[in-house]
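Each chain, written out:
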Amino acid sequence: MPTKKKPQVTPTPERRGELLATAAEVFAAQGYNATTVRRIADEAGMLAGSLYYHFDSKESMIDEILSTFLDELWQGYDAVLAAGLGPRETIEALVTESFREIDRHRPAVAIYQKESRHLATQPRFAYLTDSQAKFEKAWLSTLERGVAEGTFRDDLDIRLTYRFVRDTVWVAASWYRPGGHHSPEEIARQYLSMVLDGIALRT
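An unreviewed UniProt entry annotates the protein chain as TetR/AcrR family transcriptional regulator of Streptomyces microflavus.

Below, the structure written as structure tokens:
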């Protein structure tokens, strides 16, 4: 008698998302090169062979993790940049949006910070270089506009200021945990107060 074929079961988007979330945590903690498919499968409570039913490689997993994070980041950033806000309000909105993304995609942010330079050398990840260039242009042009319009001090080193704000904000992914005492918006407000107004008592 002919054997019956087992019905094909299509992986649900929910399960795929769960597996990507698990992979992101492992990549963030161990690094891309040190992470094996078996380790991700172990953390997900499944056999390594079963993981290949969902993804063809760990490269595919980190690609989807990073591209999903950047697509969402740019949806928020593009909306801010298209809103016609003043320079200070644009910086405030970009910082707030950045903290929201750290809240939503903390492991992906950590992966990006650790792995993007290496991954960007591969054709598959060329979008990382494109995104970084676009990111830098958005911040530098806003700072330059602020100086030109008299919103920011005219003695600012624009590039140094950009690097300071960028690093100050995104390094928060190393300590931030969703569901903590402060919302992303509250943390952004505190950061902006320090960056834009300083910490010294006004006299």
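By the assigned domains, the protein chain splits into domain 1 (7–54) and domain 2 (57–195). Computed from C-alpha atoms alone, the centre-to-centre distance between domain 1 and domain 2 is 27 Å. Regarding the contact of domain 1 and domain 2, the summed buried area is about 1400 Å², with carbon and sulfur atoms giving 66% of it. On the surface where domain 1 and domain 2 come into contact, there are 2 salt bridges. Note that Glu-64 is salt-bridged to Arg-16, the shortest N-O span being 2.7 Å. Applying the counting criterion to the domain 1 and domain 2 interface returns 6 residue pairs in polar contact (both at pLDDT 80 or more). The set of elements that each furnish at least two residues to the side of domain 1 that touches domain 2 consists of helix H1 (13–30) and helix H2 (37–44). No other element matches H1, which puts 7 residues into the side of domain 1 that touches domain 2.

Moving on, we get to the environment of Arg-159. Mapping Arg-159 onto the fold places it in helix H7 (residues 158–170). Put simply, Arg-159 and Leu-196 are 37 residues apart on the chain and 16 Å apart in space, counted from C-alpha to C-alpha. Residue contacts for Arg-159: discarding those within four places in its chain leaves Glu-136 and Leu-140.

Turning to the pattern of salt bridges, a few remarks are in order. This structure, assessed with the given rule, holds 19 salt bridges. Its salt-bridge partner being Arg-104, residue Glu-101 comes within 2.4 Å of it at the nearest N-O pair. Taken together, the residues Glu-101 and Arg-104, both in helix H5 (residues 87–119) and 3 residues apart, mark about one turn of the helix. Given the relative accessible area of 0%, Glu-101 is considered buried. Members of the salt-bridge network, linked through shared partners, are Glu-72, Glu-97, Arg-100, Glu-101, Arg-104 and Glu-185.

Now for the UniProt feature "domain: HTH tetR-type" (unreviewed entry) in the protein chain. The sites that UniProt annotates as "domain: HTH tetR-type" (unreviewed entry) are residues 13–73. In residues 13–73, helix accounts for 75% and strand for 0%; the two terminal C-alpha atoms are 21 Å from one another.

In this section: the UniProt feature "DNA-binding region" (unreviewed entry) in the protein chain. Sites flagged by UniProt as "DNA-binding region" (unreviewed entry) map to residues 36–55. Counted over residues 36–55, helix gives 60% and strand 0%. Its end C-alpha atoms are 13 Å apart.

Let's shift gears to the nonpolar core. For soluble globular proteins, nonpolar side chains are generally found buried alongside one another. By size, the foremost hydrophobic cluster in this structure holds 56 residues, and its most contacted members are Phe-27, Leu-51, Met-61, Val-95, Phe-99, Trp-139 and Trp-170. Residue contributions to this core reach at least three from each of two domains, namely domain 1 (7–54) and domain 2 (57–195). Setting aside residues up to four positions removed in sequence, Val-95 forms contacts with Trp-139, Val-165, Val-169, Ala-188 and Leu-192.

With that settled, consider the packing of aromatic side chains. By the definition in use, this model includes 11 aromatic pairs. Taken together, a centroid distance of 6.3 Å and an interplanar angle of 70° make the contact between Phe-69 and Tyr-112 edge-to-face. Here the residue Phe-69 occupies a position in helix H4 (residues 58–81), and Tyr-112 occupies one in helix H5, the gap between them amounting to 43 residues. Take Phe-69: its relative accessible area is 2%, and that puts it in the buried class. Relative to Tyr-162, the ring of Phe-135 has its centre 6.5 Å away and its plane inclined at 55°; by these criteria the two rings are tilted. With Phe-135 in helix H6 (residues 126–148) and Tyr-162 in helix H7, this residue pair connects regions lying 27 residues apart in the sequence. According to the relative accessible area criterion, Phe-135 is buried, its value standing at 7%.

Before going further, it helps to examine the packing of H1 against H2. Two numbers describe how H1 lies on H2: the axes approach to 9 Å, and their chain directions differ by 120°. Taken together, the axes of H1 and H2 are oblique relative to one another. Taken as a pair, H1 and H2 cross one another with a handedness that is right-handed. Each of Arg-15, Leu-19, Thr-22, Ala-23, Val-26, Phe-27 and Gln-30 in H1 lies in contact with H2, whose residues at this interface are Arg-39, Ile-40, Glu-43 and Ala-44.

Rules of the game
- Residues numbered from 1 in each chain as written.
- Predicted model: local features only at pLDDT ≥ 70, side-chain atom pairs only at ≥ 80, totals over all residues.
- Heavy atoms only, no water.
- Domains from an automatic or database assignment.
- Buried area = accessible area lost by both parts, 1.4 Å probe.
- Salt bridge = Lys/Arg side-chain N within 4 Å of Asp/Glu carboxyl O.
- Polar contact = N/O pair within 3.5 Å; in protein donor to acceptor, adjacent residues only side chain to side chain.
- Helix = DSSP H or I, 4+ residues; strand = E, 2+ residues; numbered from the N terminus.
- Contact = heavy atoms within 4.5 Å.
- Buried < 20%, exposed > 50% of the residue type's maximum accessible area, 1.4 Å probe, protein only.
- UniProt positions renumbered as here; feature names shortened; annotations may be inferred.
- Core = buried A, V, L, I, M, F, W, Y, C linked by side-chain atoms within 4.5 Å.
- Phe/Tyr/Trp six-rings, centres within 6.5 Å; stacked < 30°, edge-to-face > 60°.
- Axes fitted to C-alpha atoms, helices over the stretch in contact; angles between N-to-C directions.
- Parallel < 35°, antiparallel > 145°, perpendicular 65-115°, else oblique.
- Left-handed = near helix turned anticlockwise from the far one by under 90°.

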